[in-house]
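Given next are the chains, with one letter for each unit.
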Amino acid sequence: MSEKEVILAVDDSPQNLDLLKNILVPEYTLLAATHGELALQLITKKKPDLILLDIMMPNGIDGFETCERLKALENAVNTPVLFITAKTETEDMLKGFSLGAVDYITKPFRQEEVLARVQTHLKLKKALQKIKKYSGYLEEVVEERTIDLIKANEQLKSEVRQTRKAEQKLKMYMGKLE
């Protein structure tokens, strides 16, 4: 049996965290943080596969700053961040996307929507990982083939030089015979 994917939910409301737990725990392992600083600490210990992040958190840093700081961490730069917030203004959405978020879910949210978006972004993450892995493999193959072609080209040049030398010797010998 494969290990469950890990989702980090960051929200200052215990009720929202409980609701997310009820939605996600049957399929995923859920880590919870009630503020951005705790989320940053958790991510250094356990790398989540996806992060659900509230924007409005009055204690400490808000979701925007949390996202920006998460995306600056090497082990979180490729982790999908989905904002899950009551902020519905276009400017807030655009700011979230500019900071590296991949999606934006507005509160009150529906269970089916949260699950669908989480599943979609986890599938996208896996697909990107496969593409990156296969791309690395293809780069290695191209590099090996390039090396083989360079060696074959050098061998061919050497054979051409030898053939020219042999032709010159033959011309000199033929010239002596005449």
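The rules behind these values
- Residues numbered from 1 in each chain as written.
- Predicted model: local features only at pLDDT ≥ 70, side-chain atom pairs only at ≥ 80, totals over all residues.
- Heavy atoms only, no water.
- Pairing = 2+ DSSP bridges.
- Helix = DSSP H or I, 4+ residues; strand = E, 2+ residues; numbered from the N terminus.
- Axes fitted to C-alpha atoms, helices over the stretch in contact; angles between N-to-C directions.
- Contact = heavy atoms within 4.5 Å.
- Salt bridge = Lys/Arg side-chain N within 4 Å of Asp/Glu carboxyl O.
- Buried < 20%, exposed > 50% of the residue type's maximum accessible area, 1.4 Å probe, protein only.
- Core = buried A, V, L, I, M, F, W, Y, C linked by side-chain atoms within 4.5 Å.
- Expected span 1.5 Å × (residues − 1).
- Polar contact = N/O pair within 3.5 Å; in protein donor to acceptor, adjacent residues only side chain to side chain.

As a further point, take the sheet that holds strand β5 (residues 103–106). A sheet is described by the order of its strands in space; here five strands give the open sequence β2-β1-β3-β4-β5, paired in parallel fashion. Each end of this open sheet is capped by a strand with a single partner; those strands are β2 (29–33) and β5. Neighbouring strand axes in the sheet, compared pairwise and without regard to direction, differ in orientation by 20 degrees on average. The sheet contact formed by strand β1 (residues 6–10) and strand β3 (residues 50–53) spans four bridges and is parallel. Following the sheet pairing, Ile7 is matched in β3 by Leu50. Most of the contacts of helix α4 (residues 90–98) go to β5, to which it runs at about 145 degrees, and overall it touches β4 (81–85) and β5.

As a further point, take the pattern of salt bridges. When charged atoms on two side chains of opposite charge get close, those side chains can pair. Under the criterion given, the structure shown has twelve salt bridges. Among the ionic pairs, Lys107 bridges to Asp54, the shortest N-O distance being 3.5 Å. One end of the pair, Lys107, is in the loop between β5 and α5 (111–177); the other, Asp54, is in the loop between β3 and α3 (63–71), with 53 residues separating them in the sequence. Asp54 shares its class with Lys107; the two are buried. Members of the salt-bridge network, linked through shared partners, are Asp103, Arg110, Glu113 and Arg117.

A word on the nonpolar core. Counting 22 residues, the largest nonpolar core has Leu8, Val10, Ile51, Leu53, Cys67, Val81 and Phe83 as its most contacted members. Looking at this core, the elements with two or more residues in it are β1, β2, α2 (36–45), β3, α3 and β4. Beyond its immediate chain neighbours, meaning those up to four positions away, Val81 contacts Ile51, Leu53, Cys67, Lys71, Ala101, Val102 and Asp103. In this structure, Leu20, Ile23, Leu50 and Val118 belong to the second largest nonpolar core, which totals 18 residues.

Let's shift gears to the pairing of β3. Of the two faces of β3, the one holding Leu50 and Leu52 and the one holding Ile51 and Leu53 are both buried throughout. Bridge count for β3 against β4 is three bridges, and the pairing is parallel. From the neighbouring strand, Leu52 faces β4, where its bridge partner is Leu82.

For α5, spanning 67 residues, the distance from its first C-alpha to its last is 97 Å, which sits close to the expected 99 Å at 1.5 Å a residue. Among all positions of α5, only Glu113, Val114, Leu115, Val118, His121, Leu122, Lys125 and Val141 are buried. Against β1, α1 (14–24), β3, β4 and β5 lie the buried residues of α5.

Moving on: the side chain of Glu5. Looking at the secondary structure, you find Glu5 in the segment before β1. You can call Glu5 buried: its relative accessible area is 19%. Within polar-contact distance, the side chain of Glu5 engages the side chain of Lys126 at 3.2 Å. Setting aside chain neighbours within four positions, we find Glu5 in contact with Tyr28, Thr29, Asp49, Leu122 and Lys126.

Further remarks concern the environment of Thr88. In this structure, Thr88 sits in the loop between β4 and α4. Residue class for Thr88 comes out partly exposed when judged on its relative accessible area of 47%. Taking C-alpha positions, Thr88 is 8.5 Å from Lys107, a pair spaced 19 residues apart along the chain. When neighbours within four sequence positions are excluded, Thr88 is seen to be in contact with Met93 and Thr106.

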